[in-house]
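So you can see what is in the structure, the chains are spelled out below.
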Amino acid sequence: MRGQGNAEAPSEDKSRPADATLPSDRTTLPADATLPSDRTTLTAAATSSESTALPGGTAAVRELLLALSAGFTLPSPLPDNLAGRSDLPGIIDAATDAQLLMPDGSVVGTVQHALLTSTPVPTIHALQRELVDKLAAEGRPLGELARDLARGGLQDHRVAAELEEAADNALETEPALAAALYAESVLAGAKEMPKAACRAQAAAGIGDLDSAGRLIDRLLALPEPPDVRRGVDVAASVWAQRGMMSRSADTYSWLGPGKTAASAPLAAIAIIGSGDAAGAEAMVADCGSRRSPTHLAVALSLASDGLRQTLGQTPHLGLPSLIRASDMMNAAGTAIPLPEAPAVLAALCALHSGETAVAASVLKAAVAAGQGGDSMRPRLYLLQAWCAMQQDNTDDARLAINEANKANHWALAPREEFLLAALELGLARRGGEVHELVLAWDRAREAMMHVSVDLYSLLPWGEVLVTAARLRESHRVSHYLHGAWDLLERLGNPPLWSVPLHWAAVQAALLSESPTDLAPHAAALVRASEHSHYAGVLAAGGKAWVSVLAGRFAAADVETAARGLAAVGMPWEGARLAGHAAARADERRDMVKLLACARDIHPQGGHAPAEAHEESPASTVPAPEPNGLSAREIEVARLVLEGKTYREIGEAIYISPRTAEHHVARMRRRLGAENRSELLVRLRIALGEGHPPGE
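Definitions and limits used
Residues numbered from 1 in each chain as written. Predicted model: local features only at pLDDT ≥ 70, side-chain atom pairs only at ≥ 80, totals over all residues. Heavy atoms only, no water. Helix = DSSP H or I, 4+ residues; strand = E, 2+ residues; numbered from the N terminus. Buried < 20%, exposed > 50% of the residue type's maximum accessible area, 1.4 Å probe, protein only. Contact = heavy atoms within 4.5 Å. Areas by Shrake-Rupley, 256 points an atom, 1.4 Å probe, with all protein chains shown as cover. 1 Å grid on protein atoms, 1.4 Å probe; cavity = no way out; pocket = protein on both sides within 12 Å on 5 of 7 lines; lining within 4 Å. Points joined across faces, edges and corners; volume = space filled by probe spheres on them. Nonpolar A, V, L, I, M, F, W, Y, C, P; charged D, E, K, R; others polar. Expected span 1.5 Å × (residues − 1). Phe/Tyr/Trp six-rings, centres within 6.5 Å; stacked < 30°, edge-to-face > 60°. Core = buried A, V, L, I, M, F, W, Y, C linked by side-chain atoms within 4.5 Å. Salt bridge = Lys/Arg side-chain N within 4 Å of Asp/Glu carboxyl O. Axes fitted to C-alpha atoms, helices over the stretch in contact; angles between N-to-C directions. Parallel < 35°, antiparallel > 145°, perpendicular 65-115°, else oblique. Left-handed = near helix turned anticlockwise from the far one by under 90°. Arc of directions from axis to C-beta. pLDDT = per-residue confidence, 0-100.

### Section: the overall build of the chain
Of the regular secondary structure elements, the chain holds 36 helices and 0 strands. Burial analysis of the chain (695 residues in total) assigns 53% to the buried set. Of the contacts formed within the chain by residues at least 6 apart in sequence, a portion of 65% connects residues at least 24 apart. Of the roughly 30100 Å² that the chain leaves accessible, carbon and sulfur atoms contribute 52%.

### Topic: the layout of surface pockets
Each pocket or cavity is described by its volume, and for the largest pocket that value is around 1400 Å³. Along the walls of the largest pocket sit 46 residues, with Arg429, Gly432, Trp572, Arg576 and Glu651 positioned nearest its centre. Element by element, the count of residues in the lining of the largest pocket is highest for helix α34 (residues 646-653), at 5 residues. When grouped by side-chain class, the residues that make up the lining of the largest pocket number 17 nonpolar, 12 polar and 17 charged.

### Thoughts on helix α18 (residues 318-332)
Here α18 contains 15 residues, and its C-alpha end-to-end distance of 21 Å stays within 8% of the 21 Å for a straight helix at 1.5 Å per residue. Turning to α18, its buried residues are Gly318, Leu319, Ser321, Leu322, Ala325, Ser326, Met329 and Asn330. Tucked into the core, α18 has its buried residues touching α17 (295-309), α19 (342-352) and α20 (356-369). Where α18 ends, the next residue or the one after it, Gly333, has phi of about 65°, a positive value.

### Section: the packing of aromatic side chains
Enumeration over the complete set of coordinates arrives at 3 aromatic pairs. Here Phe418 and Trp461 contribute two aromatic rings whose centre-to-centre distance is 4.5 Å and whose plane-to-plane angle is 40°, an arrangement assigned as tilted. Remark: Trp461 occurs in helix α25 (residues 458-470) and Phe418 occurs in helix α23 (residues 414-431); sequence separation between them is 43 residues. There is no split in this pair, since Phe418 and Trp461 are both buried. An aromatic cluster of three or more residues is present, and its members are Phe418, Trp461 and Tyr480.

### Let's talk about empty space enclosed by the protein
To find leftover empty space, a probe the size of one water molecule is rolled over the atoms. Under the definition given, this model contains 3 cavities of 30 Å³ or more. Here the largest cavity defines a volume of roughly 220 Å³. Around the largest cavity, the lining comprises 18 residues; the ones closest to its centre are Trp386, Gln390, Leu459, Pro500 and Trp503. Every element with two or more residues in the lining of the largest cavity is listed here: α21 (373-390), α23, α25 and α27 (495-512). Here the lining of the largest cavity is built from residues that sort into 11 nonpolar, 3 polar and 4 charged. Along the walls of the second largest cavity sit 13 residues, with Arg379, Arg415, Tyr456, Ser457 and Pro460 positioned nearest its centre.

### What about the environment of Ala183?
Assignment of secondary structure puts Ala183 in helix α9 (residues 175-187). Of the residues examined, Ala183 reaches a relative accessible area of 7% and is grouped as buried. Sequence spacing of Ala183 and Leu163 is 20 residues, and the spatial spacing of their C-alpha atoms is 9.1 Å.

### Describing the nonpolar core
Leu455, Tyr456, Trp461 and Trp497 are the most contacted members of the largest nonpolar core, which has 102 residues in total. The element best represented in this core is α21, accounting for 10 residues. Residues within four places of Leu455 in sequence aside, it is in contact with Ile272, Gly273, Leu311, Leu487, Leu488, Leu491 and Trp497. Grouped together as the second largest cluster of nonpolar side chains are 47 residues, Phe72, Leu100, Leu127 and Leu154 included.

### A closer look at the pattern of salt bridges
Under the definition given, this model contains 31 salt bridges. With a closest N to O distance of 2.9 Å, Asp148 and Arg151 form a salt bridge. Here Asp148 and its partner Arg151 are both found in helix α7 (residues 144-151), 3 residues apart, which amounts to about one turn of the helix. Looking at Asp148, the relative accessible area reads 36%, which means it is partly exposed. A salt bridge links Arg242 to Asp210; its shortest N-O distance comes to 2.9 Å. Remark: Asp210 occurs in helix α11 (residues 209-220) and Arg242 occurs in the loop between α12 (228-241) and α13 (245-255); sequence separation between them is 32 residues. Looking at Arg242, the relative accessible area reads 23%, which means it is partly exposed. One network of salt bridges, in which partners are shared, links Arg147, Asp148, Arg151 and Glu184.

### Topic: unusual backbone geometry
The omega torsion of the bond from Leu74 to Pro75 falls at 5°, within 30 degrees of zero and hence cis. Along the polypeptide, Pro75 turns up in the loop between α2 (59-70) and α3 (80-83). The residue after Ser76, namely Pro77, is reached through a cis peptide bond having omega 0°. Along the chain, Pro77 falls in the loop between α2 and α3. Although it is not a glycine, Ala261 adopts a positive phi angle of roughly 50°. In this fold, Ala261 is placed in the loop between α14 (257-260) and α15 (264-273). One non-glycine residue, Arg472, lies in positive phi territory at about 60°. Tracing the backbone shows Arg472 in the loop between α25 and α26 (478-490). Given the relative accessible area of 53%, Arg472 is considered exposed.

### Observations regarding the packing of α20 against α21
In contact at an axis separation of 9 Å, α20 and α21 are set at 155° when each is read in the N-to-C sense. Looking at the two axes, α20 sits roughly antiparallel to α21. Pair α20 / α21 crosses with left-handed handedness. Here Thr356, Ala359, Ala360, Leu363, Lys364, Ala366 and Val367 of α20 lie close against α21, whose contacting residues are Arg377, Leu380, Tyr381, Leu383, Gln384, Cys387 and Gln390. A class-by-class count of the residues in the contact of α20 with α21 yields 9 nonpolar, 3 polar and 2 charged.

### A short note on the packing of α2 against helix α4 (residues 88-97)
Here α2 crosses α4 at 80°, and the two axes come no closer than 9 Å. With respect to α4, the axis of α2 lies roughly perpendicular. Contact with α2, carried on its side by Ala60, Val61, Leu64 and Leu65, involves Ile91, Ile92, Ala94 and Ala95 of α4 and no other residues of that element.

### Examining helix α28 (residues 515-528)
Given 3.6 residues to a turn, an α-helix orients residues that are three or four positions apart in the same direction. Between its first and last C-alpha, α28 extends 20 Å over 14 residues, near the 20 Å set by a 1.5 Å rise per residue. Residues Leu518, His521, Ala524, Leu525 and Ala528 constitute the buried set of α28. One face of α28 carries all of its buried residues, which in axial projection span an arc of 130°. Those residues of α28 that are exposed and aimed more than 90 degrees away from the buried face are Pro515, Thr516 and Arg527.

### Re the confidence of the model for the chain
Model confidence for the chain is summarised by a mean pLDDT of 83, while 86% of its residues fall at 70 or above. This stretch, residues 606-626, has a pLDDT under 50; its non-local contacts, to residues over four places away or in other chains, come to 36 contacts. Taken together, the stretch residues 689-695 has pLDDT below 50 and engages in 17 contacts with residues farther than four places along the chain or on a different chain.

This is the structure in structure tokens:
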């Protein structure tokens, strides 16, 4: 964008008026030339390389048309050489009669173009400066005329000042407009650096992180940067979106407590996010207790206070403060640079507490209010997708992801790219698509290389941890997870923030069949359950999983744990636990009970028939479809073609591995297949070409 970076304003002799292209061989009409009544003849005469006598009209008509083309209006203001003429009405009538002037006082487009391209630029700019003089003398603002003059190449400090003022007014509500106005002010002759922080804020507000970063680099390199606090706010926001929250904290540390002032709450959010609670407390304390009563100031103050509360032993007190902070931010209607939005902090706190519905509600309100502007919109949508995924609403999650991808004109920032990659992992893992999971893992591996761990990214890192364990790729993420545990330790291992990561570690240990890795995280969940209901539910879930995998469990205990997981916004996890236990149940009664539990808390997870007896290997086989297979066999066949084992088939549709094996054997007999390879070929033929191979 012109006006950003190190672009320089054009000089007078290289500028051009708006909507005009200067020819390489410019000619002018003689002052005493007469204008024809035909517009086509005028255009040809105005661009002709030779002077031509133009019958009909006077030089005065030409002067009037040129003045109006340069920005003057009827009835006023007009240039001095026209305003004082007694025959001005006659000149206007002559131009109108010649169809060169429209009834509303504007010059016909082709005529205006001809006049502007045939008149020397200095002459046009002289007229425009006279116009600015007259409007200034009358105390009238330039309005949209200022933009036209700047785009036309006029350099005038008054035009530049008015554009900067308009940009300042639009900065916190319409950053895209502000960015355009600041660029035009530079074209009009404004110096770049005095407004560099504002211009960077506008660029960051529309998601243009590169332009914002370049402007801030130049600003903060100055010995005495103007508007330095705003510049640091922008820099901190850009670093956070790039997935480097510790750099955001360093930026505020560089500024120092004495200069942070009203930005102290933002500094606290960045510093806590990087793992330094004591530093955040010191930053807030140094800025005093006097706070502005505006909606924006209250929103930021509540966000900082609520976030610090979540680090203590009563973290549930922090969530209401964060929700109110989001409400106030919505009411303020401003888009300022933020390391993290209040709505995001509130949603993360709710998700870390098992309050998925609360998180979804907060995010919905923030999206409707446009909290954080265009730059924050993708993050809000992606967290909405996370809530939908947690509640196993796959379609809603995909819709929210689509909205995030088209939220603004810029590519997703690295922080959001990583969140999206973790979402794709979660959706593929819950969908049971091994091929999709492997592809999503490849994308996630690349995305994680562009970001570092911070407090507000623990949920996606937990999903990465579980997927890595399932794919036997844990070694690729171990150093990132060491960073996460270290960050939590520096913050005092706050239960609210650490519990979900401990739960992810428990799942990873179960997948890796590593009791040694499981024990400390299971113990951490038990300790946290003294202060957190959510931790208690997860601890019970972990204990139930261990008992199921060991083959020594009580169906009632598993059902209680599964329903507990569903109650805290984890229906897929609860149904998976119940379904897995059903597959390992020794008693038919327990199997039926657990299958019913799985269907009850996760009805869309499979298409198991309502009656449990239909899953018995000895039950009556439903009538076959035209392809020779029953509806249930088609369901099993699809999973076989995807390469799933009997156990994985059972987990996917809530049947036992033995039942899955019987279904496959029956299909082999029905289709006349002699071996597995032949069965796969015949299943592909039976189900159509659209089904993937099973090998």
